[in-house]
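Here's the letter readout for the chains.
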Amino acid sequence: MKRLNLIVLLLIGMIIFGCASAEDKKSEESQQSETTISDDGKTHPEHLTYATFKEKVWDFETNPQEWSYLGTEPCIIDFYADWCQPCKMVAPIMEELSNDYDGKIKIYKVDTQTERELASIFQITGIPAILFVPKNGQPMKQAGAMSKDYYEKVINEFLLPSTQSGGAASQK
């Protein structure tokens, strides 16, 4: 059932955004994204483009029928927009989590205003929307701004269950 939903999502996204010009695609793919380390040595979430998403998270064009995470560490993907006030509340939490879990999980950000196709593929209809991606298994989506404690609970129970006694997080 999840596989069928993923296929439907992908097809809808391709239909809606399939008319983008080749020039727009080249511009998106030429953008670079890297994890940033500030002067004080802190890491920051990495911004993903259409192209870097396919390289680091899931190449949905090559493998559209099946979710196949490409990363070596679990990740969190924060779908946001610069104008969104709740997104601005989540941003510093993601910054803190990026430092607190450096080397254990990756934190990525996707700007829904410039990466509309990515937002469509994951049916992001409201922001902020957070996608929790374990190394193995299906991702879990959470809509809305939550507390740092909530995100830490999901990280420890869903993304890093082997480091905790217990098991997988329950999905809302």
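Here the structure is shown first, and the text comes after it.
Heads up: these notes are all about the structure in this document. What you see is a predicted model, and the numbers here were worked out from it, not measured in a lab.

### Describing the overall build of the protein chain
Helix and strand counts for the protein chain come out as six helices and seven strands. Element order for the protein chain, N to C, with α for helix and β for strand: α-α-β-β-β-α-β-α-β-α-β-β-α. Out of the 172 residues belonging to the protein chain, those deemed buried represent 42%. In the protein chain, 64% of the contacts between residues at least 6 apart in sequence involve partners at least 24 apart. Total accessible area on the protein chain stands at roughly 9500 Å², and carbon and sulfur atoms take up 51% of it.

### Points about unusual backbone geometry
Of note, the bond from I127 into P128 is cis; its omega dihedral lies within 30 degrees of zero at 0°. In this fold, P128 is placed in the loop between α5 (116–121) and β6 (129–133). One non-glycine residue, Q123, lies in the positive phi region at around 50°. Its place among the elements puts Q123 in the loop between α5 and β6. Relative accessible area serves as the criterion here: at 43%, Q123 is assigned to the partly exposed category.

What counts and what doesn't
- Residues numbered from 1 in each chain as written.
- Predicted model: local features only at pLDDT ≥ 70, side-chain atom pairs only at ≥ 80, totals over all residues.
- Heavy atoms only, no water.
- Helix = DSSP H or I, 4+ residues; strand = E, 2+ residues; numbered from the N terminus.
- Buried < 20%, exposed > 50% of the residue type's maximum accessible area, 1.4 Å probe, protein only.
- Contact = heavy atoms within 4.5 Å.
- Areas by Shrake-Rupley, 256 points an atom, 1.4 Å probe, with all protein chains shown as cover.

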